[in-house]
Protein chains: 2
Amino acid sequence: MALHTPAELLALVNSSIERLSLDKKPFRLYEPVKYTLSMGGKRIRPVMCLMACDMFGGDVQKAIPAALALEIFHNFTLLHDDIMDKAEKRRNMDCVHIRWNDNVAILSGDAMQIIAFDMLKELPDPIFRESVGIFSKTALEVCEGQQFDMDFETQENVCEAEYMEMIRLKTAVLLAASLKLGAVVGNAPSTQAGLLYDFGIHIGLAFQLQDDLLDVYGDPKTFGKNIGGDITTNKKTYLLIQALKRADATSREQLERWLALKDFQPDEKIKAVTAIFDQTKVKDNCQQEIERHYNMALECLKATQTEIDRKEPLMKLAAGLMYRTF
Amino acid sequence: MALHTPAELLALVNSSIERLSLDKKPFRLYEPVKYTLSMGGKRIRPVMCLMACDMFGGDVQKAIPAALALEIFHNFTLLHDDIMDKAEKRRNMDCVHIRWNDNVAILSGDAMQIIAFDMLKELPDPIFRESVGIFSKTALEVCEGQQFDMDFETQENVCEAEYMEMIRLKTAVLLAASLKLGAVVGNAPSTQAGLLYDFGIHIGLAFQLQDDLLDVYGDPKTFGKNIGGDITTNKKTYLLIQALKRADATSREQLERWLALKDFQPDEKIKAVTAIFDQTKVKDNCQQEIERHYNMALECLKATQTEIDRKEPLMKLAAGLMYRTF
């Protein structure tokens, strides 16, 4: 069977989302769900799910319920995270808790989570049970990642291993599960589905490290957020954790002074902290780590048993995520 | 097979809850879950689920995952409702958002919802898919009920039909689904499971109307909350909706004046509004409605095809809920 193009899969995801029946009462429950899902975004998870299914010659139509469940769950996490982070904008639109209020945002998020689980029951029988298991395990891990992330805000020492585990849970497992679910629907043997899961984990880790890097060293014209945002908020990123570990006594003291300072000019702090990052060479260090995970991801994909040209869409998607061209 | 006593079923539920592995990291995610589940309560939903299974001669052990899913989901709704209502106490203990904070309460609630769905995958195969369907449909309805309830706070006119639909969604469907899930696990034919569902709906409606009544006319010594709480907060209960409909022009005007008043002595308002309730005979009206639903519930139970003595535990539980002796 001929492979679908990424554009075809994206169109399939978007048309399926549009067909969800969300024009229901109570409007203040379902409108925010519709609003959140219509914000768009790259639909990376559902597209990955369909790609994985397609890669093993499965019927992508059959994987739609899983793809939608993943996208709805992901959007639910953004909705609730935005309340917790007191974020105001998401994709240039008001967050749900801003446009409506906190209560509406909490409850419509709860509803989205239920809708996500409910989607799964459209999956055919031999894989239904396994899919619920993968989905609920992953969903719980994403919550764990979010809690670790919040814990780290006030935790004084966060080591590299703790940080990597946090981003694995918060970001990587959902990408990995998207691929695994697609592979399972495509009737891939479990070792093969497992290889795609691992591919997703490494891509997810590399992607998140890349995000940390771009926050400091990205091009303000192409990076969606303000450069240095993580520095001004003392976010314990890979770069900061490494810098604290690698800096000599003087630099470390300087860095800690900046971290403790309540009153500062953002530009000045960004410049000073970036200088310490430069000095401790954490940029190279982070880039190496990104490369390492990216290569490990590619090894997993290479080891997957299917024709090489069927792997191409995932290979390209991974490259796109790395170089943010996707 | 001999029937289990309610005490045996309650003990089974409690020991199963205690065996949940919740001593895990991140502690600020799982501790609030454990805390919420350890607050106790009457465990009405899981006990009803096991009773329904038992009634049809099913193995109650097999229904434990469904029973736990119901109790965990119910406790999740309390946890998130307490944030939305800004409640401070629940069963004489600090609410999660008070003891920790809003973010911890939002996220640990989210985790509870996932854990509830995850429990279901322990159910045996022919009934697994049906159970997920019943559960997700019901869970979404509970969210709808909560949103209608919040909408009614600012909606000027709420009619009886809207109110009954709200309490059906917010309270009755989860009791009904508890019975239906138990019946399904107990291999009851679908018409029989449907009868128990309807029994649960009518019991739930009667129970909620009873709650409205007790809030005004209950004995302060045995009613858990302060008498007149609904009156001081202008809650659109069955009594208020009926009184607004039945009152003559003078009483209606008086009632509306009290509703609009921002500055008042609670005791005075409770006394005045109760007097209008007395005058419009809404107490009798409400009692008749409770009776009507209670009788309809008993009719459903009567119609269920199983030996009469197997129906006794549910009959007694229903009576207990009505007269609040359970």
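Residues numbered from 1 in each chain as written. Chains lettered and ligands numbered in written order. Predicted model: local features only at pLDDT ≥ 70, side-chain atom pairs only at ≥ 80, totals over all residues. Heavy atoms only, no water.

Engineer: Just give me the short version of the overall build of chain A, but keep the residues and values in it.
Structural biologist: Regarding its fold elements, chain A presents 15 helices and two strands. Against the 2.2 N^0.38 benchmark of 20 Å for 326 residues, chain A shows a C-alpha radius of gyration of 21 Å, consistent with a compact globule. Burial statistics for chain A: of 326 residues in total, 58% are counted as buried. The contacts of chain A with a sequence gap of at least 6 include a subset with a gap of at least 24, amounting to 74%. Within the structure as shown, chain A displays about 14,400 Å² of accessible surface, and the carbon and sulfur contribution to it stands at 51%. (Helix = DSSP H or I, 4+ residues; strand = E, 2+ residues; numbered from the N terminus. Rg over C-alpha atoms; globule rule 2.2 N^0.38 Å. Buried < 20%, exposed > 50% of the residue type's maximum accessible area, 1.4 Å probe, protein only. Contact = heavy atoms within 4.5 Å. Areas by Shrake-Rupley, 256 points an atom, 1.4 Å probe, with all protein chains shown as cover.)

Engineer: Account for the pattern of salt bridges, naming residues and giving values.
Structural biologist: Residue and element names in this part refer to chain A. Considering all chains together, one arrives at 34 salt bridges over all chains under this definition. One salt bridge in this structure joins Asp94 and Lys89, with 3.0 Å as the shortest N-O distance. On the basis of relative accessible area, Lys89 is assigned to the exposed category, the value being 53%. Linking Glu299 and Lys302 is a salt bridge whose minimum nitrogen-to-oxygen distance equals 3.6 Å. Here the residue Glu299 and the residue Lys302 both occupy positions in helix α14 (residues 282–303), the gap between them amounting to three residues, near one helical turn. Its relative accessible area of 60% is what places Lys302 among the exposed residues. (Salt bridge = Lys/Arg side-chain N within 4 Å of Asp/Glu carboxyl O.)

Engineer: Give me the lowdown on the relation of the copies chain A and chain B, citing residues and values where you can.
Structural biologist: In screw terms, the move from chain A to chain B is a rotation of 180° and a rise of 0.0 Å along the axis, fitting with an RMSD of 0.0 Å. Both copies of the chain, as the preceding transformation shows, are related through a two-fold rotation axis. (Least-squares fit on C-alpha atoms with pLDDT ≥ 70 in both.)

Engineer: Give a detailed account of the interface of chain A and chain B, specifying residues and quantitative values.
Structural biologist: Where interface size is given, it is often the accessible area lost as the parts come together that is meant. With 39 residues of chain A at the interface, the matching set in chain B holds 39 residues. Taken together, the two surfaces of chain A and chain B that pack against each other cover about 3,600 Å², and 67% of this comes from carbon and sulfur. Taken as a group, Leu107, Ile114 and Arg129 of chain A account for 19% of the area that chain A buries against chain B, more than any other trio of residues on that side. The tally of links between chain A and chain B comes to four salt bridges. The residue Arg129 of chain A makes a salt bridge to Asp125 of chain B at a minimum N-O spacing of 3.1 Å. The interface formed by chain A and chain B holds 16 residue pairs in polar contact (both at pLDDT 80 or more) in total. The element best represented in the side of chain A that touches chain B is helix α7 (residues 125–154) of chain A, accounting for 15 residues. (Buried area = accessible area lost by both parts, 1.4 Å probe. Polar contact = N/O pair within 3.5 Å; in protein donor to acceptor, adjacent residues only side chain to side chain.)

Engineer: Break down the domain arrangement of chain A for me, with residues and values.
Structural biologist: Residue and element names in this part refer to chain A. For chain A, the domain assignment lists domain 1 (1–152) and domain 2 (189–326). Using only C-alpha atoms to locate each centre, domain 1 and domain 2 end up separated by 25 Å. Listed as interface residues are 16 residues of domain 1 and, on the opposing side, 17 residues of domain 2. Carbon and sulfur atoms make up 71% of the area that domain 1 and domain 2 hide from each other, which totals about 1,500 Å². For the pair domain 1 and domain 2, the interface holds one salt bridge. Of the charged contacts, one joins Asp149 and Lys235 as a salt bridge, the two residues approaching to 3.1 Å between their closest N and O atoms. Inspection of the domain 1/domain 2 interface yields five residue pairs in polar contact (both at pLDDT 80 or more). Within the residue set of the side of domain 1 that touches domain 2, elements represented by two or more residues are α3 (44–55) and α7. Looking at side-chain class alone, the side of domain 1 that touches domain 2 contains ten nonpolar, one polar and five charged residues. (Domains from an automatic or database assignment. Nonpolar A, V, L, I, M, F, W, Y, C, P; charged D, E, K, R; others polar.)

Engineer: Report on the confidence of the model for chain A, specifying residues and quantitative values.
Structural biologist: When pLDDT is averaged across chain A, the result is 95; 98% of the residues are at 70 or more. Overall fold confidence (pTM) sits at 0.96, and the ipTM for the predicted complex is 0.96. (pLDDT = per-residue confidence, 0-100.)

Engineer: Before we move on, can you summarise the side chain of Gln242 of chain B with the specific residues and values?
Structural biologist: All names here are of chain B. Along the chain, the position of Gln242 falls in helix α11 (residues 238–246). According to the relative accessible area criterion, Gln242 is buried, its value standing at 3%. Setting aside residues no more than four positions away along its own chain, Gln242 makes contact with Glu160, Val282 and Asn285.

Engineer: Could you give me a rundown of the environment of Tyr238 of chain A, with the residues and numbers involved?
Structural biologist: Relative to the helices and strands, Tyr238 of chain A resides in helix α11 (residues 238–246). Setting aside residues no more than four positions away along its own chain, Tyr238 of chain A makes contact with Glu160, Tyr163, Met164, Leu209, Asp212, Asn285, Cys286 and Glu289 of chain A.

Engineer: Run through the packing of aromatic side chains, naming residues and quoting values.
Structural biologist: Applying the stated criterion across every chain yields a total of twelve aromatic pairs over all chains. Geometrically, the ring pair formed by Phe128 of chain A and Phe128 of chain B is tilted, given 5.0 Å between the ring centres and 40° between the ring planes. Pair noted here: Phe128 of chain A is in helix α7 and Phe128 of chain B is in helix α7 (residues 125–154), and the two residues belong to different chains. Judged by its relative accessible area of 0%, Phe128 of chain A is buried. (Phe/Tyr/Trp six-rings, centres within 6.5 Å; stacked < 30°, edge-to-face > 60°.)

Engineer: For the environment of Arg99 of chain A, give the residues involved together with the corresponding values.
Structural biologist: Within the secondary structure, Arg99 of chain A sits in helix α5 (residues 96–99). With residues near it in sequence (within four places) discarded, Arg99 of chain A still touches Tyr35 and Asp94 of chain A.

Engineer: Account for the nonpolar core, with residues named and values stated.
Structural biologist: Leu196 and Phe199 of chain A together with Leu196 and Phe199 of chain B are the most contacted members of the largest nonpolar core, which has 235 residues in total. Residues contacting Leu196 of chain B, with those up to four places away along its chain left out, are Ala52, Met55, Phe56, Leu179, Ala183, Leu301, Thr304 and Leu314 of chain B. (Core = buried A, V, L, I, M, F, W, Y, C linked by side-chain atoms within 4.5 Å.)

Engineer: Outline the packing of helix α9 (residues 190–217) of chain B against helix α14 (residues 282–303) of chain B, listing residues and values.
Structural biologist: All names here are of chain B. It is the contact of α9 with α14, at a shortest axis distance of 8 Å, that shows an interaxial angle of 160°. Here α9 lies roughly antiparallel to α14, going by the angle between them. For α9 against α14, the interelement crossing comes out left-handed. Grouping the amino acids of the contact of α9 with α14 by side-chain chemistry returns 18 nonpolar, five polar and three charged. (Axes fitted to C-alpha atoms, helices over the stretch in contact; angles between N-to-C directions. Parallel < 35°, antiparallel > 145°, perpendicular 65-115°, else oblique. Left-handed = near helix turned anticlockwise from the far one by under 90°.)

Engineer: Describe helix α1 (residues 6–18) of chain A, and please don't skip the residues or the numbers.
Structural biologist: Residues and elements named next belong to chain A. Between the first and last C-alpha of α1 there are 18 Å, a value that for 13 residues agrees with the 18 Å anticipated at 1.5 Å per step. For α1, every residue scored as buried is listed here: Leu9, Leu12, Val13, Ser16 and Ile17. Along the axis of α1, the buried residues cluster in a sector spanning 130°; they form a single face. Exposed and oriented more than 90 degrees from the buried face of α1 are Ala7 and Glu18. (Expected span 1.5 Å × (residues − 1). Arc of directions from axis to C-beta.)

Engineer: Just give me the short version of unusual backbone geometry, but keep the residues and values in it.
Structural biologist: Between Lys25 of chain A and Pro26 of chain A the backbone carries a cis peptide bond, its omega angle lying at -10°. Phi at Arg91 of chain A takes a positive value of approximately 50°, unusual for a residue other than glycine. Tracing the backbone through its elements, the reader meets Arg91 of chain A in the loop between β1 (89–90) and β2 (93–94). Its identity is not glycine, yet Asn92 of chain B carries a phi of approximately 65°, on the positive side. Residue placement: Asn92 of chain B occurs in the loop between β1 (89–90) and β2 (93–94).

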